[in-house]
Structure formats: structure tokens, C-alpha cells
Amino acid sequence: MRRKLTLLLLLLVFATAARASTILIPMDDTQTDHLKAYGITYWVLSNEIEAWWLLNYRGGSFAFPHSRAFERECLTRGVKYEVIADSRFNGILEEIADPERNMDAMKLEKAPKIAVYTPDYNFREGTEVQPWDDAVTMVLTYAEIPYETVYDTEVLEDKLVEYDWLHLHHEDFTGQFGRFYRSYHTAPWYRRQVAYQEELAAKNGYAKVSQLKLGVVKKVREYVAGGGFMFAMCSATDSYDIALAADGLDINAPYYDGDPIDPQAQSKLDFSKTFAFENFQLERNPLEYEFSDIDHNPRAVTQEQDYFTLFDFSAKWDPVPTMLTQNHVRTVKGFMGQTTAFTNSHIKSSVLVLGENKPASEARYLHGQVGEGFFTFYGGHDPADYRHLVNDPETDLSLHPNSPGYRLILNNILFPAAKKKERKT
């Protein structure tokens with residue numbers, strides 16, 4: 001009798017093991033919605049379930065334990081998935097572990113807490129202060145990944161330590177109000193923006209907006225050095241480094257701060273303080289819609305030729321850049337912004353170029369480390385809109401669910417989930 005019971009229990013165990021399964025979310029060309037697939041993976045992590053990021057396997061696929069709830073969520077969000085037996089998934093892991101294959105399986109442990117640095121007036125109805133959108137907030141919303149907003153006051157009050165990942169909105173950290181003066185200084189939205197920034201500077205004890213922004217970039221530098229992850233696009237990339245290099249200098253014309261520029265400012269720039277760029281020249285014409293020659297301008301490509309190529313990295317030896325470049329294509333359509341591309345000769349040797357347009361001698365996607373933390377700079381404004389202009393309507397991402405350019409943003413969102421080390425405060 002006991003032997004029969006033991007045999008029955010063994011059969012039940014084997015039957016249960018046979019039913020054990022995994023949800024695989026393919027991220028190759030078969031995926032119906034690449035962007036929402038990241039949201040599904042984030043949602044799984046937020047339910048305290050670990051997931052796998054299968055680097056270079058079918059476009060950087062995701063996998064996690066099967067449950068009916070997870071399966072329903074994939075169906076609801078329109079994300080293609082496959083339910084596979086655990087034995088097959090273990091076979092995939094064995095294939096990935098083969099030293100001859102450029103693949104790796106990265107365990108994702110915890111959903112990172114996300115902050116977006118963006119001004120409060122974005123959420124005031126009818127103010128028309130900022131007539132442009134932001135690719136990161138759009139894709140986070142579309143992918144259903146939650147985030148919180150912070151701005152200057154919160155950053156100066158050291159609130160960043162509450163977050164694992166920070167996106168810098170399309171900000172001008174030099175305090176020149178985006179250099180929109182020539183074209184928009186009479187526009188109501190521009191006047192309101194200037195008034196808001198000046199009010200915010202005074203509220204935080206600064207005489208000038210440029211001084212306020214310098215205080216912010218220094219706090220962000222502390223956040224990154226302590227182990228934070230910072231992601232910036234468009235003008236928040238070069239203007240961030242320019243502000244650091246110009247610490248203590250007046251680089252702003254009277255149009256922006258009421259007093260003259262320091263005539264020796266260029267020679268006094270300290271490139272040792274910057275994250276990514278060095279030896280750049282400031283734009284001397286205060287009415288030019290450009291901060292410096294970091295932005296590769298004029299460009300030697302037409303819209304039809306504007307593509308950049310993602311580098312291939314060793315997944316097993318260089319997992320960080322491999323994670324950041326996961327995609328279902330290696331060549332990505334370019335897109336413009338106030339800061340579109342980075343001049344190769346101004347990129348520090350310590351910075352890793354993740355994507356470039358080699359014939360044009362320009363980089364589009366950079367990554368580096370500062371202290372215990374990391375930063376990523378991504379040129380351009382909207383990966384799904386080649387020339388997004390002021391007052392243009394917001395991009396409908398439901399029309400671009402497989403955008404390779406937007407995938408690069410979301411790679412950065414999940415990057416902190418693979419880190420075990422706690423950030424210093």
C-alpha cells in the first residue's frame with residue numbers, strides 16, 4: 001500500500017513538472033508590439049516576479065514564469081507571447097550559455113522606480129508654456145510603465161535618492177531658454193516659460209536661471225556618481241555638459257540674463273567636469289539656435305540617408321552595452337532635434353559609442369560611467385517623427401508599436417532592473 005502511495009506521489013510530481021511552463025516574449029520581427037512588451041516585463045517585475053532578458057536571442061526576448069494572469073495581460077495589451085515547457089526554456093538557456101554564441105541570459109530582479117525631470121507647467125491646463133512633447137514620457141505612457149515627475153526644487157532638495165532611474169527632459173541647462181529668442185521671444189508660451197523659470201530661480205535662492213540650472217546639474221552629477229542611472233535626449237545632453245564645463249562662468253548674452261557674457265569664457269571652460277564631451281567650442285552668436293559644436297552641424301546626410309548603426313558587443317563580456325543596444329534591427333532610422341548628433345572629435349575616450357553614422361562622422365547614442373552610476377545620451381527629439389517642430393502634434397505611438405528608435409529608450413528603462421548593487425546615498 002505504502003509503495004503504491006509513493007508511486008502515486010511521484011507520478012503527481014512528474015505531472016506537475018511536465019505542466020510547469022514559461023512565457024516567452026519574442027522580440028524579433030514576429031513581435032506585434034515591441035514597446036508594450038517592455039511594459040509587460042516591467043509589470044511582471046512590479047509583481048515581485050523575476051524575469052529573464054535573453055540578450056541577442058530573437059531580438060532580446062523576455063521570459064518569466066507562466067501564470068494565467070500574465071497570459072491575460074499579454075492578450076489585453078496586444079503583445080505576442082509563447083507558452084513553452086520549462087524543459088524547452090532550459091534548452092534555450094543552454095543554447096545561450098554556449099561560449100560560441102554571442103548571447104547571455106540576464107536576470108531582471110526588481111522594477112526600477114522612475115523619475116522624469118519635467119517642469120510643472122506641463123500639467124497646467126491652458127498655459128501653453130511648452131509647445132512640444134517628450135519621447136520618454138510618451139513611450140512610458142504607451143508602454144504602461146509608471147513614472148513620477150520631479151523638477152528643480154525636488155532635485156535641489158535631494159529627492160533623487162528615492163529613484164533608480166532619471167530621465168532629463170528636453171531642457172536647456174545653460175539657462176538660455178532653449179535659445180528660442182530670435183524666433184519666439186514674442187510668443188506667449190516663451191514669455192510664460194521665462195517668467196516661470198525666473199520665478200523658480202528666485203524661489204530657490206538664485207539670482208539667475210543659469211545659476212539655478214547649474215545647481216541642478218551638480219545634484220544630478222551627485223546622483224549618478226552615487227549609483228544612479230541617468231538618461232538624456234536632445235538638448236538635455238550637450239547643454240548638461242556645457243553647464244558643468246562653464247561652472248562659475250557667465251556664458252549667457254544679455255538676452256537671457258541681463259548682463260554681458262564673459263569674453264574669456266571659452267578659454268576658461270573646464271572639460272574635466274563633463275560627462276561625455278570635451279574640447280568643444282561655444283556658439284558665439286546668442287541668436288543662433290545652437291549651443292556649441294558638440295551638435296554635429298551642418299550634417300552631411302539627407303533625410304533619406306539618415307540612419308545610424310548599432311554596435312555589436314560581446315553579450316557575455318559586455319552585458320551593459322549589449323542590453324542597451326537590444327533591437328530587432330541593427331540599423332535605425334535617424335531623427336532630428338535641437339541636438340541631433342554628436343561630433344565624434346568631441347566625445348571623450350572614456351565614453352562608449354553605442355550607435356553611429358560612420359560616413360557622417362557622428363555618433364547618435366552614447367553611454368558612460370560616472371562614479372558608481374551610469375549615463376546614456378541619445379541624440380534627437382522623437383524617434384518616430386524625423387523633423388518634429390515646435391507646436392507639432394504629439395506622436396501617436398499606436399502607429400509605431402515596433403519602433404527601433406523607441407526600443408532604445410526602453411532598453412535603458414529596464415537596465416537598472418539587472419543591477420543588484422544598492423545605490424549609495
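The structure presented is a predicted model; accordingly, all values stated were derived computationally and were not measured. (Residues numbered from 1 in each chain as written. Predicted model: local features only at pLDDT ≥ 70, side-chain atom pairs only at ≥ 80, totals over all residues. Heavy atoms only, no water.)

**Some thoughts on the confidence of the model for the protein**
- Chain-level statistics for the protein give a pLDDT mean of 91 and a share of 90% at 70 or above.
- Below a pLDDT of 50 lies the segment residues 2-18, which in the model reaches zero contacts outside its immediate sequence neighbourhood of four places, other chains included.
- Note that pLDDT drops below 50 for residues 421-425; the model gives that stretch 13 contacts with residues more than four away or on any other chain. (pLDDT = per-residue confidence, 0-100. Contact = heavy atoms within 4.5 Å.)

**So, the packing of aromatic side chains**
- Applying the stated criterion across every chain, the model contains 31 aromatic pairs.
- Ring centres of tyrosine 151 and tyrosine 196 lie 6.5 Å apart, and the angle between their planes is 35 degrees; this geometry places the pair in the tilted category. Placement of tyrosine 151 in the loop between β7 (148-150) and α6 (152-156) and of tyrosine 196 in helix α8 (residues 188-203) is noted, with a sequence separation of 45 residues between them. Tyrosine 196 carries the same exposure label as tyrosine 151, and that label is buried.
- Ring pairs connect the aromatic residues Tyr117, Tyr151, Phe173, Tyr196, Tyr240, Phe275, Phe277, Phe342, Phe375 and Phe377, which therefore count as one cluster.
- Here the basic side chain of lysine 36 rests over the ring of tyrosine 142, its NZ or CZ set 4.3 Å away from the ring centre.
- It is arginine 364 that lies over the ring of phenylalanine 335; its NZ or CZ is 5.3 Å from the centre. (Phe/Tyr/Trp six-rings, centres within 6.5 Å; stacked < 30°, edge-to-face > 60°. Helix = DSSP H or I, 4+ residues; strand = E, 2+ residues; numbered from the N terminus. Buried < 20%, exposed > 50% of the residue type's maximum accessible area, 1.4 Å probe, protein only. Lys NZ or Arg CZ within 6 Å of the ring centre and 35° of its normal.)

**Remarks on helix α10 (residues 235-245)**
- Of all eleven residues in α10, eleven are buried, a share of seventy percent or more.
- All buried positions along α10 are accounted for by Ser235, Ala236, Thr237, Asp238, Ser239, Tyr240, Asp241, Ile242, Ala243, Leu244 and Ala245.
- On the buried face of α10, the contacting elements are β8 (165-168), α9 (209-225), β9 (229-233), α12 (265-268), β12 (342-343) and β15 (373-378).

**Focus: the packing of helix α2 (residues 34-46) against helix α14 (residues 404-414)**
- At a minimum axis separation of 9 Å, α2 and α14 run at an interaxial angle of 10 degrees. Viewed along their axes, α2 and α14 adopt a mutual orientation that is roughly parallel. For the pair α2 and α14, contact is made by His34, Leu35, Tyr38, Thr41, Tyr42 and Leu45 and by Tyr406, Arg407, Leu410, Asn411 and Leu414, respectively.
- Across the contact of α2 with α14, the residue classes break down as seven nonpolar, three polar and one charged. (Axes fitted to C-alpha atoms, helices over the stretch in contact; angles between N-to-C directions. Parallel < 35°, antiparallel > 145°, perpendicular 65-115°, else oblique. Nonpolar A, V, L, I, M, F, W, Y, C, P; charged D, E, K, R; others polar.)

**Overview of the sheet that holds strand β5 (residues 104-108)**
- What the five strands build is an open sheet, ordered β4-β1-β3-β2-β5; its pairing is antiparallel. The two strands at the open ends of the sheet, each matched to only one other strand, are β4 (82-85) and β5. Neighbouring strand axes in the sheet, compared pairwise and without regard to direction, differ in orientation by 30 degrees on average.
- The pairing of strand β2 (residues 51-55) with β5 spans five bridges and is classified as antiparallel. Each residue of the ladder has a partner; that of alanine 51, found in β5, is leucine 108.
- Against the sheet, α2 touches β1 (21-25), β2, β3 (61-65) and β5, its axis set at about 30 degrees to β3. (Pairing = 2+ DSSP bridges.)

**Considering the nonpolar core**
- One finds Ile25, Met233, Tyr378 and Ile409 to be the most contacted residues of the largest nonpolar core, which totals 60 residues.
- The next biggest cluster of nonpolar side chains, apart from the first, holds 58 residues, and it includes Phe180, Leu200, Phe275 and Phe375. (Core = buried A, V, L, I, M, F, W, Y, C linked by side-chain atoms within 4.5 Å.)

**Comments concerning the packing of α9 against α10**
- Running from N to C, α9 and α10 cross one another at 100 degrees; their axes reach a closest spacing of 9 Å. What the angle tells us is that α9 and α10 run roughly perpendicular. Facing α9, whose interface residues are Leu214, Val217, Val220 and Arg221, α10 presents Tyr240, Ala243 and Leu244.
- Split by residue class, the contact of α9 with α10 holds six nonpolar, no polar and one charged.

**Describing unusual backbone geometry**
- Note that the residue after asparagine 297, namely proline 298, is joined by a cis bond; omega there is 5 degrees.
- Tracing the backbone shows proline 298 in the loop between α12 and β10 (307-310).
- A positive phi angle, near 70 degrees, is found at asparagine 56, a position not held by glycine.
- Locating asparagine 56 in the fold gives a position in the loop between β2 and β3.
- If you check the backbone angles, serine 361 has positive phi at about 60 degrees while not being a glycine.
- Structurally, the position occupied by serine 361 is in the loop between β13 (352-357) and β14 (362-370).

**Details of helix α5 (residues 135-143)**
- When you tally the buried positions in α5, you get eight out of nine residues, the bulk of the element.
- Ala135, Val136, Thr137, Met138, Val139, Leu140, Tyr142 and Ala143 are the residues of α5 that are buried.
- Buried positions along α5 lie against α2, α3 (68-77), β6 (114-117), β8, β9 and α14.
- Phi turns positive one or two residues past the end of α5, at glutamate 144, with a value near 65 degrees.

**Here's the deal with the pairing of β6**
- Of the two faces of β6, the one lined by Ile114 and Val116 and the one lined by Ala115 and Tyr117 are each fully buried.
- With four bridges joining them, β6 and β8 adopt parallel strand pairing. Residue pairing in the sheet places alanine 115 in a bridge with leucine 166 of β8.
- Inspection of the sheet shows β6 paired to β7 by three bridges, in the parallel sense. Its bridge partner being in β7, alanine 115 is matched across the sheet by glutamate 148.

**What about the pairing of β9?**
- Judged by how many residues are buried, β9 sits mostly within the fold: five of five residues are covered.
- Here β9 shows no split at all, with Phe229, Phe231 and Met233 on one side and Met230 and Ala232 on the other all buried.
- Bridge count between β8 and β9: four bridges; the pairing is parallel. The partner of leucine 168 across the bridge, within β9, is alanine 232.

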